[in-house]
Amino acid sequence: MPFFSTYDPKLLANVKHIHLIGCGGSGMFPLIQILHARGMSLSGSDVEDTKITEAERAMGMRVSLSHNAANIQGADLVVYSAAIHDDNPELAAARAHGIPAVERSVLLGYVSRLYPQTIGVSGTHGKTTTTGMITTMLELAGRDPAAVIGGKLPLIDGYGKSGAGQSAVIEACEYSETFLHLTPYVGVILNIDNDHLEYYGTMGRLKLAFQKFALLSRTVVFNMDDRNTLDVMNSIDRPVLSFGIEEEARFQAVNIQEYRPGFYEFDVLELGDHFAHLRLGVPGRHNIYNALAMCCCVRPLGLSPADAERAAEAFTGTGRRFEIKGETPAGAVVVDDYAHHPAELAATLATAKKMGYDRIIAVHQPFTFSRTKALMKDFAEVLSTADVCVLLPIMGSREVDDGSVRTQDLAAKIPGSIVTDGLESAAAWVRENAKKGDLVVCMSCGDLYKAADLMVK
């Protein structure tokens, strides 16, 4: 199991050239930006040209559009993305030649320790938004932070940046325990829900991973309203900063009200005294928690409440988080959202319903067979709250389809749902049936965003 005890301080000793397999991914690019800014010689490979590979070439990086053993020539270290399999020819060549090879999250852990103040944002839901909020707060305060974000942040026009300051804000994903490669100055736990159980097996093991993450952190910021998080924090001997709405946390949101449909403002109390008044630039009541987590970071980072107030209003979201794509030819508004767990779908649809549209059309691409099968009842209940539900085939991603679950099984539990056979047919249904006054909410962490693009004019 990955834990800090696996840290090898000599890994980067005498490393001058790093080759990155899967360099075109959004998770790899911020790491490449940081390494480049530190003067490292870099090369990489991927299977297609993207805006990211174009940007890497513009930095002077050699990028190959194939996976070939010859691509690793001259490398002192090889880094590969989580999507790369053991039979990849470049990875196999590195091992055959005795060149150290590590997964991306491992190197991210090493790079994070280059910054005195690393903020690791973990949790089943809300990581990207909260990472974006904290990055915005530091950026607007003139701190020039490094950042590794799961969505594109308009303020920095990217998924991350190499900052010259003392801070690095990193989205800390719990999948496969990758967040245990980090040793945060501030570790944030937003919530813990029943996800990635195909890897962990039980909630107990998932909670144990978060417990380890907390122990790796110097100070822990946590959600006092989340029962599973409280279970973890009850046994943690670390300085803590708690936040919440329902409980009397150190940072508490009170006087919550909508200043326009779906958008909230509220007062934040610290130990019962006024701390700040936040007016959120992103819709959704769930974002109150994300903003409270940002407020908790003010003290350890030496910022002011005014910095939190400014960031809350300036932050208008990241890519694929309730991102408005445009309108269909008939005038329906199309939104793309990364939600892929029932709790995330519920939060997204609750936000949509607050916004005053005539109908909410939910378009959902189930992600992974195991999650769809294990949480089918929850998915069906949440998606049934939309006025219309359009479903696509399950995107298996890293899993093998054993034939035990189909989209039709989910559709049978959602009255009146429509089943399509792919991205183009889902987009065509929306273009033909959605009308002015409708809000079309596309929800998936797969490639449903392509259908959202096809829906708009």
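Above this text sits the structure in question.
Reference entry: report on the structure contained in this document. From a predicted model like this one, the values you see are computed outputs, not experimental measurements.

The next thing to look at is the nonpolar core. Generally speaking, nonpolar side chains in soluble globular proteins are found buried as a group. Ranked by size, the top nonpolar core spans 46 residues in total, and within it Ile18, Leu20, Leu107 and Ile189 carry the most contacts. Ranked by the residues each element gives to this core, the list is headed by helix 7 (residues 203-216), at six residues. Residue contacts for Leu107: discarding those within four places in its chain leaves Leu12, Ile18, Leu31, Leu35, Leu77, Val79 and Val102. By size, the runner-up hydrophobic cluster in this structure holds 43 residues, among which are Ala147, Val169, Phe275 and Leu301.

The 10 strands are arranged 8-7-9-6-10-11-12-13-14-15 in an open sheet whose pairing can be described as mixed. Edge positions in the sheet fall to strand 8 (158-161) and strand 15 (273-279), since each of these pairs with one other strand and no more. On average, each strand axis in the sheet is inclined to that of its neighbour by 20°, with strand direction left out of account. Pairing geometry for strand 7 (residues 146-153) and strand 8, over three bridges, is antiparallel. By the bridge assignment for strand 8, Ala147 is matched with Lys161.

The topology assignment puts Thr351 in helix 11 (residues 342-353). For Thr351, the contacting residues outside a window of four places in its chain are Pro283, Gly284, His286 and Phe322.

For the pair helix 5 (residues 127-140) and helix 10 (residues 305-314), interaxial distance at closest approach is 9 Å and the crossing angle is 120°. Between helix 5 and helix 10, the interaxial angle falls into the category oblique. Note that helix 5 runs across helix 10; the crossing there is right-handed. Together, Met133, Thr136, Met137 and Leu140 of helix 5 and Asp307, Ala308, Arg310, Ala311 and Ala314 of helix 10 make up the contact between the two elements.

Moving on, we get to the environment of Asn68. Along the chain, Asn68 turns up in the loop between strand 3 (62-64) and strand 4 (77-80). Accessibility expressed as a relative area gives 38% for Asn68, which makes it partly exposed. Sequence separation of Asn68 and Phe275 is 207 residues, and the distance between their C-alpha atoms is 56 Å. Filtering out sequence-adjacent residues up to four positions away, Asn68 remains in contact with Pro89 and Glu90.

Another aspect to go through is helix 10. Taken residue by residue, helix 10 has Asp307, Ala308, Ala311 and Ala312 as its buried positions. Down the axis of helix 10, the sector holding all buried residues measures 130°, keeping them to one side. Buried residues in helix 10 make contact with helix 5, strand 15 and helix 9 (287-296).

Here we come to the pairing of strand 19 (residues 388-391). Across a regular strand the side chains alternate sides, sitting on one face of the sheet and then on the other. Of the two faces of strand 19, both are covered, the one formed by Val388 and Val390 as well as the one formed by Cys389 and Leu391. As defined by bridge partners, strand 19 adjoins strand 20 (residues 418-419) across two bridges and the pair is classed as parallel. The partner of Leu391 across the bridge, within strand 20, is Val419.

To continue, consider the packing of aromatic side chains. Describing an aromatic ring pair means giving the distance of the ring centres and the angle of the ring planes. Tallying each qualifying case throughout the model produces four aromatic pairs. Centroid distance Phe179 to Phe210: 5.1 Å. Interplanar angle 80°. Geometry classified as edge-to-face. Remark: Phe210 occurs in helix 7 and Phe179 occurs in the loop between strand 9 (167-171) and strand 10 (186-189); sequence separation between them is 31 residues. Classification of Phe179 as buried rests on a relative accessible area of 1%. With a centroid separation of 5.1 Å and an interplanar angle of 85°, the aromatic rings of Phe251 and Phe275 are classed as edge-to-face. Taken together, the positions of Phe251 in strand 13 (residues 251-260) and Phe275 in strand 15 put the pair 24 residues apart, joining distant regions of the chain. For the pair Phe251 and Phe275, one class covers both residues: buried. Through a chain of ring-to-ring contacts, the aromatic side chains of Phe179, Phe210 and Phe213 assemble into a single cluster.

Analysis parameters
Residues numbered from 1 in each chain as written. Predicted model: local features only at pLDDT ≥ 70, side-chain atom pairs only at ≥ 80, totals over all residues. Heavy atoms only, no water. Core = buried A, V, L, I, M, F, W, Y, C linked by side-chain atoms within 4.5 Å. Buried < 20%, exposed > 50% of the residue type's maximum accessible area, 1.4 Å probe, protein only. Helix = DSSP H or I, 4+ residues; strand = E, 2+ residues; numbered from the N terminus. Contact = heavy atoms within 4.5 Å. Pairing = 2+ DSSP bridges. Axes fitted to C-alpha atoms, helices over the stretch in contact; angles between N-to-C directions. Parallel < 35°, antiparallel > 145°, perpendicular 65-115°, else oblique. Left-handed = near helix turned anticlockwise from the far one by under 90°. Arc of directions from axis to C-beta. Phe/Tyr/Trp six-rings, centres within 6.5 Å; stacked < 30°, edge-to-face > 60°.

In short, the description is geometric, and any link to function would need to be established separately.
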